[in-house]
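The chain contents come next:
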Amino acid sequence: MTRTHRLIVLLAAIALLGAVAVGATLHAAGRAAEKDRTQPGGPEVRPGPVLLDAPGRTVFRNMAWGPHRDELTSVPAADPGGARTASGVRCLRFHSAGGTGVCLQAVHGKLRDGYRALVLDAHLHERHRYGLSGIPTRARVSPSGRTVAWTVFVSGDSYAGTSFSTRTSIADAASGGLERNLEDYRFFLDGRPHRAADLNVWGVTFADDTRFFATVATGGQTYLVRGDRRERTLRSVHRNVECPSLSPDGTRVAYKKRVAGVSSDAPWRLYVLDLRTLRETATAEGRSVDDQAVWRDGRTLVYSLPGAYGSDLWTVPADGSGRPRLLARAALAPAFPAG
Amino acid sequence: MYLADSRGTPDTSRPAGRATMPGRRAVVPGAVLVLGTVSLVTDVSSEMVTAVLPLYLVGELGLTPLGFGLLDGVYNGFSALVRLLGGRLSDRHGGGHKAVAAVGYGLSALCKPLLLTVHSLPLIGAVLAADRTGKGLRTAPRDALISLSCEPAVRGRAFGVHRAMDTAGALLGPLTAFVILRLAAGGYDAVFTVSGCVAALGVLILLLFAPGRTARATPAAERQRRAVRGLLRRPAVRRLTCCAVLLGLTTVSDSFLYLTLQRRLELSESWFPLLPLGTAAAFLLLAVPLGMLADRTGRRRLFLTGHLALLAAYGLLITSPGGSPALASVVLTLHGGFYAATDGVLAAATADAVPERLRGSGLAVVQTGQAAARFLCSLAFGAAWTAWGDRTALTAAAAGLAVSAALSALLLRPDPAQEQAR
């Protein structure tokens, strides 16, 4: 082949590959634009004031397509499928309690996207703001509303490629003081101090402002741990527990358990652990749940499952009875102020 | 297509663009620019994927990517074997470098569209492993091609140009992915498709424009096998490998360095994802000047000096009481300077010590030794970090690096006969 021939081949290839690349991008852009249009048959969403501590209201991230997608919306707790009031505040993850909210959101920059955590008051006004080093995954507020926690996924660096770790931080909602990384706490495995390079902590759930539960992973095993902010310790309680959620009375923990003999794509089931007897109870939900569940009251769990618009909310009794019921379509990360 | 090429059209039958304008100071030969372009384009493609992968896994597929790094040891071992194999295969038949490199680039290119079809962690892991296998396969033959395409006197500069182009691609990749996702929110399929197209373009540029057969003689297979074994019996190769391993054993991995940097200098969390960009920018800017400096002052000397820059970075991290963005940028500049003074320069120094017909194998042996040593270091550093904390672990690494550098200085004492050639 002469130089000219090669250049012709190259130019032809650039034209062809360029056309494929542009086509794929336009196709994806069209699909993305579609998500900004309201879908017929979806929930009614109207802008309006959203309060975090309004009795009888539930707040969650609205996933329904349209101009208010990803915004915090409130619905009547008695009719979660009803009309939604959209706040204008966009969050990827959210939780609230005691009149305080935590919102983990994306920040769209000029050259790259970042993430930040906002601590919000009951009127959704920003009280504190923290830059995040990775992708938001879990968020929780203590029952009093004075302490918040969140977890992000951090990917090592662009050369190493595929190693991921979690980073869990706790912030004081009043002073704004931040504990960056719970991995700095001392970890006790079955009562003995345990040091490991591969330690990861995620999914905090608060008992009060100093004591909490969370998941610790090390050596390919996950543990439910009891955390203490004064002692700066994490003590293992039980094995094979991820994303714990403490019941309002503090006696039980709902969590996702990795079960044997099911597809590795969908390995988790929703369980409840009695903290006094350490007895595990499987809920009636038979599908794989990858979420940190929320207690609507002392008897009912609310959790997310994949749906047509990314996520739907479901409920199931915590005592293993009954069956799962759909609570709201196109919704994620609910909070129930009353309890 | 490349077979026809390697039989020799007029402009590639000469040892790979080695002849430039007679009488002019040799600039970088066309073949090096071609290989640099291939690397640039390929890095745009692969870094596009790397940049969006975490978000794709967590945000789009809803997967929990924890424990993804667990298999790193296995991958690293496998990738080392593949790299040795790539070097060895490419030396057969008197220079199949281009063919082996093309297979490596091609394998990685095929993996990009495959990402569109797999949606579970084990399968995605397998595709990424295949991608890395392609990378392992192509590195040594590509470096052999670069070294064979230029005059020995300008090898440092040639590798510097190549590494700068490579790094430019690594910086452009995430930017490209960002632009696509800005145009099409959630358009990961578009990112993977564009990445595949870009990778295919890289393979095509390699096939069309890279030099084919590069070595002159075709040694008998048997003779070559013995020669490969004899590689480490050559004092120059042995010394260089020893130094690369010694220094690699005390080179803390990038991710640990960034973690330490963030903790010691108390940088805001949102700075963390930007730290690798600082290193890459310094690497990009310094690769060519330091490569030229290596040509003038001696490659092995610069290779050593580069490690002193790393030692200085460790020193700043250990002694700093608390930090500022300014101090962080000094550390990142030193880190990027370390790469600029060692990465391409080591390849150039290896090429000096290995005869043409064993170039691929020689490069593979030295680079594999270095990579294996760095992997061991990251395991040991992780353990030390857990047991003693980041400052003590880094102090230990710095002490080790100082000792390794001193030993290497002894091992690499200028050999009068060789240095005179510079």
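Residues numbered from 1 in each chain as written. Chains lettered and ligands numbered in written order. Predicted model: local features only at pLDDT ≥ 70, side-chain atom pairs only at ≥ 80, totals over all residues.

1. Observations regarding helix H10 (residues 235-248) of chain B
The periodicity of an α-helix, 3.6 residues per turn, causes residues three or four places apart in sequence to face the same way.
All names here are of chain B.
Now for step 1: When the terminal C-alpha atoms of H10 are compared, their 19 Å separation across 14 residues agrees well with the 20 Å that a helix rising 1.5 Å per residue should span.
Now for step 2: Every buried residue of H10 is accounted for by Leu240, Thr241, Cys243, Ala244, Val245, Leu246, Leu247 and Gly248.
Now for step 3: Against helix H13 (299-319), helix H14 (325-353), helix H15 (359-388) and helix H16 (390-411) lie the buried residues of H10. (Helix = DSSP H or I, 4+ residues; strand = E, 2+ residues; numbered from the N terminus. Expected span 1.5 Å × (residues − 1). Buried ≥ 20, exposed ≤ 12 C-beta atoms within 10 Å, placed from the backbone. Contact = placed C-beta atoms within 7 Å.)

2. Things to note about the confidence of the model for chain B
Residue and element names in this part refer to chain B.
Now for step 1: Within chain B, residue pLDDT values average 84, and 84% of them lie at 70 or more.
Now for step 2: Ranking the helices and strands of chain B by mean pLDDT puts helix H8 (residues 188-209) first, with 96, and helix H1 (residues 2-6) last, with 33.
Now for step 3: Across the predicted assembly, pTM comes out at 0.86 and ipTM at 0.85. (pLDDT = per-residue confidence, 0-100.)

3. Some words on the domain arrangement of chain B
All names here are of chain B.
Now for step 1: The assigned domain composition of chain B is domain 1 (2-12 + 28-218) and domain 2 (231-413).
Now for step 2: For the side of domain 1 that touches domain 2, the elements supplying multiple residues, two or more each, are helix H4 (72-91), helix H6 (121-149) and helix H7 (155-183).
Now for step 3: If one sorts the elements of the side of domain 1 that touches domain 2 by residue count, H7 sits on top with 13 residues.
Now for step 4: Taken together, the residues that form the side of domain 1 that touches domain 2 break down as 17 nonpolar, twelve polar and seven charged. (Domains from an automatic or database assignment. Nonpolar A, V, L, I, M, F, W, Y, C, P; charged D, E, K, R; others polar.)

4. A look at the pairing of strand S7 (residues 113-120) of chain A
Residues and elements named next belong to chain A.
Now for step 1: Of the strand pairs in this sheet, strand S6 (residues 100-108) and S7 are connected by eight bridges, and their pairing is antiparallel. Counterpart to Ala106 in the pairing with S7 is Tyr115.
Now for step 2: Taking the residues between adjacent antiparallel strands as the criterion, S6 and S7 are bridged by four residues.
Now for step 3: The pairing of S7 with strand S8 (residues 126-132) spans six bridges and is antiparallel. Looking at the pairing, Leu120 lines up with Glu126 of S8.
Now for step 4: Where S7 folds back on S8, the antiparallel hairpin that results is connected by five residues, among which Leu124 adopts a positive phi of roughly 65°. (Pairing = 2+ DSSP bridges.)

5. What about the sheet that holds strand S21 (residues 268-274) of chain A?
Residues and elements named next belong to chain A.
Now for step 1: Judged by pairing direction, the sheet is antiparallel, and its four strands sit side by side in the order S19-S20-S21-S22 without closing on themselves. Taken across any chain shown, the strands that pair with only one partner, and hence form the sheet edges, are strand S19 (242-246) and strand S22 (280-282). Put simply, the sheet's adjacent strands are angled 30° from each other on average, direction ignored.
Now for step 2: Pairing geometry for strand S20 (residues 252-258) and S21, over seven bridges, is antiparallel. By the bridge assignment, Tyr255 is partnered in S21 with Tyr271. (Axes fitted to C-alpha atoms, helices over the stretch in contact; angles between N-to-C directions.)

6. Overview of the environment of Ala109 of chain B
All names here are of chain B.
Now for step 1: Secondary-structure assignment places Ala109 in helix H5 (residues 97-114).
Now for step 2: Look at Ala109 and you get buried, because 24 C-beta atoms sit within 10 Å.
Now for step 3: Residues in contact with Ala109, not counting those within four places in the same chain, are Gly196, Ala199, Ala200, Gly202 and Val203.

7. With respect to the confidence of the model for chain A
Now for step 1: With 97% of its residues at a pLDDT of 70 or more, chain A shows a mean pLDDT of 92.
Now for step 2: In the model, residues 157-161 of chain A has pLDDT below 50 throughout and makes 13 contacts with residues more than four positions away in sequence or in other chains.

8. Digging into the interface of chain A and chain B
Now for step 1: Taken together, the contacts link 48 residues of chain A with 55 residues of chain B.
Now for step 2: Secondary-structure elements contributing two or more residues to the side of chain A that touches chain B are helix H1 (3-34), S8, strand S9 (135-141), strand S10 (147-155) and strand S11 (164-172) of chain A.
Now for step 3: Among the elements that take part in the side of chain A that touches chain B, H1 of chain A stands out by supplying 14 residues, more than any other.
Now for step 4: The class makeup of the residues in the side of chain A that touches chain B is 25 nonpolar, 15 polar and eight charged.

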